[in-house]
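# Architecture and fold: a report
Single-letter residue listing:
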Amino acid sequence: MLPRQNLKGRYFKLKRQYGLLFVVISLLIPVLTSCHSSRQPARASSAGQTVSRSAGEPSVSSRLLEGQKEWNDVQLPVSVSLRQPLSASLNATAYMRRGEYVKFSVRMLGFEVASVWIDTDSVHAVDKVGKRYVSESVSRLTTELGLDIADVQDILLGRVFSVSGVELAASSFEVQPTEYEDMLLLRPYPRQEILDYGFVVSGSEAPMLSYLLVDSGSFNAVARYSGQDVTPAGPVAREVSATFSAPGKDVAADITWNLGSAKWNKGNVQKWQTPGRGYSKISLNTLLSILKKL
């Protein structure tokens, strides 16, 4: 058994660490709430012709979409490693309900010590150790970019999606060649004015999503997907490596899903509750000032 002094020292060390983790996971907030389009998005080169298919032959986009299955809810362990603007990592459990919310829960000794909640309206980060929380609106995601919470879930899991309520169908995309023979680019058709994005797919007979490319005009982002596993939701990427770049904001992170321990469609329901008495709500500006000191 550890001496009492060592246990006390370990406790305060863990407390400081989870205070840092709160700041780390709160990095989601300035990223999600700063996404807005200030100019028309840059257009990718249209030099390559759309890949033509003979009548009756399944297209790459239809093969890719056929693999994606409907799902209701999932609980799965996740590891997050932040590479920029600082280096930090954490293990958590993610809870998602299709089209409703995403929750990341960080636990220590069986108790939840920090969490991030994202739904159709807001993103919240709660530090239960330091008794503080942040809440910000993410309405810009829907009003200016056309994204909804289901799209965010697809981005996290490595699935193809379409924005602004456009029907997700093979006809919603045009397929273009890339400089690599084994990769094709799927771009939304007709093109979206508010968000320029595309999916890089590896293979044509059994296509797998490899990259998501996004350019809003005021920021750009790249997500690289690898290690797809077949799940009740269809192929899901075990590893997601993402970068987000905007003036004054650069974030890079790696997400690793433990798909072998995932629990799909078990009826798990989570709910957001505003922290009660004893918690202090801090502003986004206060959070940013904390980040600058790290």
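Residues numbered from 1 in each chain as written. Predicted model: local features only at pLDDT ≥ 70, side-chain atom pairs only at ≥ 80, totals over all residues. Heavy atoms only, no water.

Tallied over the full model, the rule gives eight aromatic pairs. Between Tyr-101 and Trp-117, the aromatic rings sit 4.6 Å apart at their centres with planes inclined by 25 degrees, giving stacked as the arrangement. With Tyr-101 in strand 3 (residues 101-108) and Trp-117 in strand 4 (residues 111-119), this pair connects stretches of sequence that are 16 residues apart. Each ring, one from Phe-104 and one from Trp-257, has its centre 6.4 Å from the other, and the planes form 20 degrees; the classification is stacked. You can see Phe-104 sitting in strand 3 and its partner Trp-257 sitting in strand 13 (residues 249-257), a full 153 residues away along the chain. (Phe/Tyr/Trp six-rings, centres within 6.5 Å; stacked < 30°, edge-to-face > 60°. Helix = DSSP H or I, 4+ residues; strand = E, 2+ residues; numbered from the N terminus.)

This brings us to unusual backbone geometry. Glycine aside, the phi torsion of most residues is negative, and most peptide linkages are trans. That bond from Gln-84 to Pro-85 is cis: its omega, 10 degrees, falls within 30 degrees of zero. The phi torsion at Lys-131 lies on the positive side, around 55 degrees, for a residue other than glycine. Positionally, Lys-131 belongs in the loop between strand 5 (122-127) and strand 6 (132-137). Backbone geometry at Asn-265 places phi at a positive 55 degrees, although glycine is not the residue there. Along the chain, the position of Asn-265 falls in the loop between strand 14 (263-264) and strand 15 (280-281). You can call Asn-265 partly exposed: its relative accessible area is 37%. (Buried < 20%, exposed > 50% of the residue type's maximum accessible area, 1.4 Å probe, protein only.)

Looking now at the pairing of strand 11 (residues 220-231). Note that strand 10 (residues 208-215) and strand 11 share five bridges and pair antiparallel. Looking across to strand 11, one finds that Asp-215 is bridged to Asn-220. Here strand 10 folds back onto strand 11, and the loop between the two strands holds four residues, one of which, Gly-217, carries a positive phi near 100 degrees. Two strands pair when backbone bridges link them, and strand 11 and strand 12 (residues 234-246) are joined in this way by eleven bridges, in the antiparallel orientation. Considered in strand 12, the bridge of Val-222 is made with Thr-243. The antiparallel hairpin formed by strand 11 and strand 12 contains two residues in its connecting segment. (Pairing = 2+ DSSP bridges.)

Attention shifts here to the pattern of salt bridges. On inspection of all chains with the given rule, the structure shows ten salt bridges. Between Asp-254 and Arg-83 there is a salt bridge, and its shortest N-O distance comes to 3.0 Å. Taken together, the residues span a long stretch of sequence, with Asp-254 in strand 13 and Arg-83 in strand 1 (residues 73-84) at a distance of 171 residues. With relative accessibility at 41%, the residue Arg-83 sits in the partly exposed group. Here Arg-159 makes a salt bridge to Asp-154, at a shortest N to O gap of 2.8 Å. Looking at Arg-159, the relative accessible area reads 5%, which means it is buried. When salt bridges that share partners are traced, they join Asp-73, Arg-97 and Glu-100 into one network. (Salt bridge = Lys/Arg side-chain N within 4 Å of Asp/Glu carboxyl O.)

Moving on, we come to the side chain of Asp-154. Its place among the elements puts Asp-154 in helix 5 (residues 149-157). Asp-154 gets classed as buried once you look at its relative accessible area, which sits at 3%. In contact with Asp-154, other than residues within four places in its own chain, are Arg-98, Arg-159, Val-160, Phe-161 and Tyr-225. (Contact = heavy atoms within 4.5 Å.)

Our focus in this paragraph is the nonpolar core. In this structure, Met-96, Phe-104, Leu-156, Leu-186, Phe-199, Trp-257 and Trp-264 are the most contacted members of the largest nonpolar core, which totals 63 residues. Not counting residues within four places of it along the chain, the set of residues in contact with Trp-264 comprises Trp-71, Asp-73, Val-74, Leu-157, Thr-231, Pro-232, Ala-233 and Val-236. (Core = buried A, V, L, I, M, F, W, Y, C linked by side-chain atoms within 4.5 Å.)

Confidence in the prediction for the protein chain averages 81 pLDDT; 77% of positions are at 70 or higher. Confidence scores differ between elements of the protein chain, with helix 1 (residues 4-25) showing the lowest mean pLDDT of 58 and strand 14 the highest of 98. Across residues 37-49, where pLDDT falls below 50, the model places 30 contacts with residues more than four positions away in sequence or in other chains. (pLDDT = per-residue confidence, 0-100.)

This part takes up the environment of Ala-92. Here Ala-92 shows up in strand 2 (residues 88-97). Separated by 20 residues in the primary sequence, Ala-92 and Glu-112 have C-alpha atoms spaced 9.7 Å apart. Not counting residues within four places of it along the chain, the set of residues in contact with Ala-92 comprises Leu-76, Pro-77, Val-78, Ser-105 and Val-106.

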